[in-house]
Amino acid sequence: LVRLRERLSRSQGPLGRGLLALLSRDVIDEDTWEEIEDTLLTADVGVAPTQELVARLRTRVKVEGTSGVSIKDILRQELLTLVDPSMDRSLHVEGVDGAPGVVLMVGVNGTGKTTTVGKLARVLVAQDKTVILGAADTFRAAAAEQLATWGERVGVPAVRGPEGGDPASVAFEAVREGIATGVDVVLVDTAGRLQNKAGLMDELGKVKRVVEKQTPVTEVLLVLDATTGQNGMSQARVFREVVNVTGIVLTKLDGSAKGGIVVAVQRELGVPVKLVGLGEGADDLAPFSPDDFVDALLG
Ligand code: GDP
């Protein structure tokens, strides 16, 4: 966990420290506020949240001044408000009526879905939960293989179907197997072809419907790549229309100083960031903690 915090601090530190440096100037004039705005926008915080934050900072600096009270404390409080610490970030992996909890991992190909399924399996296994994986990304040739490899690494079985086969039938089979063997959680990797919204809608809708013939889906996690900025935001909008997203996983936060996307995407979807990916390794997944995030920003 310490390692994860360090990594977060390395990638996100420039944003917070940049803001702090600007706010620590002797004279904070209009140019300074503009620079503050630019810093936030560059970090993908988004226009509306940026304007809100700047307005609040302006008021506080005016009322409280920057001597006496620590400007760092003001910034920390306001950044925390922006990340919304009141959201419920727990993962819903408890099944209904003795059946396993079912997590659907959705998102565009390349964002880190399969990797996240593997990492999450490891987290759950470490919590003494039994897990089974469903390789319902039958579209990308190597996806099922990659998921099976993760399964071996973590020590959990993976249910696979024929390449190019029906994703919904693989998901159904994984959940059936999960119920039959009495596991705690079924993690289903899905395909994310974005070329065609209607196709995606049909596919994900069918996966969910078919699974829910057996037991409810307890969590739908949308995986977004933090390095893709506004592109990630438009993906988020499409997925919101297609499926009822219950949480966001922000991957590759280690490779991007654009951590402001956390704020933007939560606003846009009204759904919390629950997990963050901070590397390619098995242990590089962490629960998203607003406090740790803001601490990492401010270093
Ligand atoms: P999928 O197509 O959405 O299933 O994406 P993959 O799971 O295959 O991941 C795509 C690439 O992103 C792989 O090379 C992963 O190792 C890498 N990746 C996934 N998550 C992270 C992360 O949090 N940080 C970094 N640096 N790379 C990641």
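Residues numbered from 1 in each chain as written. Predicted model: local features only at pLDDT ≥ 70, side-chain atom pairs only at ≥ 80, totals over all residues. Heavy atoms only, no water.

Under an unreviewed UniProt entry, the name given to the protein chain is Signal recognition particle receptor FtsY, and the source organism is Nocardioides mesophilus. Per its UniProt entry, the protein chain bears the Sequence similarities (unreviewed entry) comment "Belongs to the GTP-binding SRP family. FtsY subfamily." Check the Catalytic activity (unreviewed entry) section of the UniProt entry for the protein chain; it says "GTP + H2O = GDP + phosphate + H(+)". (UniProt positions renumbered as here; feature names shortened; annotations may be inferred.)

Visitor: Is there a simple way to think about the overall build of the protein chain in this case?
Guide: Secondary structure assignment for the protein chain yields eleven helices and eight strands. The C-alpha atoms of the protein chain give a radius of gyration of 21 Å, which matches the 19 Å a tight globule of 299 residues would have. By principal-axis analysis of the C-alpha atoms, the protein chain measures approximately 65 × 40 × 35 Å. Put simply, the protein chain has 299 residues, and 52% of those count as buried. (Helix = DSSP H or I, 4+ residues; strand = E, 2+ residues; numbered from the N terminus. Rg over C-alpha atoms; globule rule 2.2 N^0.38 Å. Buried < 20%, exposed > 50% of the residue type's maximum accessible area, 1.4 Å probe, protein only.)

Visitor: I tried to follow the packing of aromatic side chains on my own but got confused; where do I start?
Guide: Two numbers describe a pair of aromatic rings. These are the distance of the centres and the angle of the planes. One pass over the full model with this rule turns up one aromatic pair. Arg153 extends its terminal NZ or CZ atom over the ring of Trp150, reaching a point 4.2 Å from the ring centre. (Phe/Tyr/Trp six-rings, centres within 6.5 Å; stacked < 30°, edge-to-face > 60°. Lys NZ or Arg CZ within 6 Å of the ring centre and 35° of its normal.)

Visitor: How should helix 2 (residues 30-42) be read in this particular structure?
Guide: Along an α-helix, residues three or four apart share an orientation, since each turn contains 3.6 residues. For helix 2, with 13 residues, the first-to-last C-alpha span of 18 Å sits near the 18 Å given by 1.5 Å per residue. The complete set of buried residues in helix 2 reads Thr32, Trp33, Ile36 and Leu40. Buried positions in helix 2, seen along its axis, are confined to an arc of 100 degrees and lie on one side of it. Facing away from the buried side of helix 2 by over 90 degrees, the exposed positions are Asp31, Glu34 and Thr42. Here helix 2 starts with a cap whose side-chain oxygen sits 3.2 Å from the backbone nitrogen of Asp31, and that cap is Asp29. Count one or two residues on from helix 2 and you reach Asp44, which has phi positive near 65 degrees. (Expected span 1.5 Å × (residues − 1). Arc of directions from axis to C-beta. Polar contact = N/O pair within 3.5 Å; in protein donor to acceptor, adjacent residues only side chain to side chain.)

Visitor: Can you walk me through the site of the ligand in this structure?
Guide: As a matter of local geometry, the ligand sits amid 18 residues, with Gly110, Lys113, Thr114, Thr115 and Glu280 nearest to it. A distance of 2.8 Å separates an oxygen atom of the ligand from a polar atom in the backbone of Lys113. Note that an oxygen atom of the ligand is positioned 3.0 Å from one of the side-chain N or O atoms of Gln146. The pocket occupied by the ligand, as judged from atoms lying within 2 Å of grid points, is the largest pocket. Considering each element in turn, the shell around the ligand owes the most residues, four residues, to helix 5 (residues 113-126). Each residue belonging to the shell around the ligand can be placed in one class, and the counts come to two nonpolar, ten polar and six charged. (Near = heavy atom within 4 Å. 1 Å grid on protein atoms, 1.4 Å probe; cavity = no way out; pocket = protein on both sides within 12 Å on 5 of 7 lines; lining within 4 Å. Sits in = over half its atoms within 2 Å of the grid points. Nonpolar A, V, L, I, M, F, W, Y, C, P; charged D, E, K, R; others polar.)

Visitor: I'm lost on the environment of Ala226 in this one. Help?
Guide: Looking at where Ala226 falls in the secondary structure, it is placed in the loop between strand 5 (219-225) and helix 9 (230-242). Note on Ala226: relative accessible area 0%, which makes it buried. Discounting chain neighbours no more than four positions away, the residues touching Ala226 are Leu250, Thr251, Lys252, Leu253, Ser256, Lys258 and Ile261. (Contact = heavy atoms within 4.5 Å.)

Visitor: Help me understand the UniProt feature "domain: SRP54-type proteins GTP-binding" (unreviewed entry) in the protein chain, please; the structure alone is not making it clear to me.
Guide: In this numbering, the UniProt entry assigns the feature "domain: SRP54-type proteins GTP-binding" (unreviewed entry) to residues 272-285. Taken end to end, residues 272-285 comprises 0% helix and 43% strand; its first and last C-alpha atoms sit 16 Å apart.

Visitor: Please explain the sheet that holds strand 7 (residues 273-277) as it appears in this structure.
Guide: Backbone-to-backbone hydrogen bonds join strands into a sheet, with any given pair of strands oriented parallel or antiparallel. A sheet is described by the order of its strands in space; here eight strands give the open sequence 3-2-4-1-5-6-7-8, paired in mixed fashion. Each of the sheet's edge strands pairs with one partner strand only, and the pair in question is strand 3 (158-159) and strand 8 (285-287). By the bridge criterion, three bridges tie strand 6 (residues 247-251) to strand 7 in an arrangement that is parallel. In the strand pairing of strand 7, Ile248 is matched with Val273. Packing of helix 7 (residues 167-181) onto the sheet brings it into contact with strand 1 (101-106), strand 2 (131-136), strand 3 and strand 4 (185-190), and relative to strand 2 it is tilted by some 170 degrees. (Pairing = 2+ DSSP bridges. Axes fitted to C-alpha atoms, helices over the stretch in contact; angles between N-to-C directions.)

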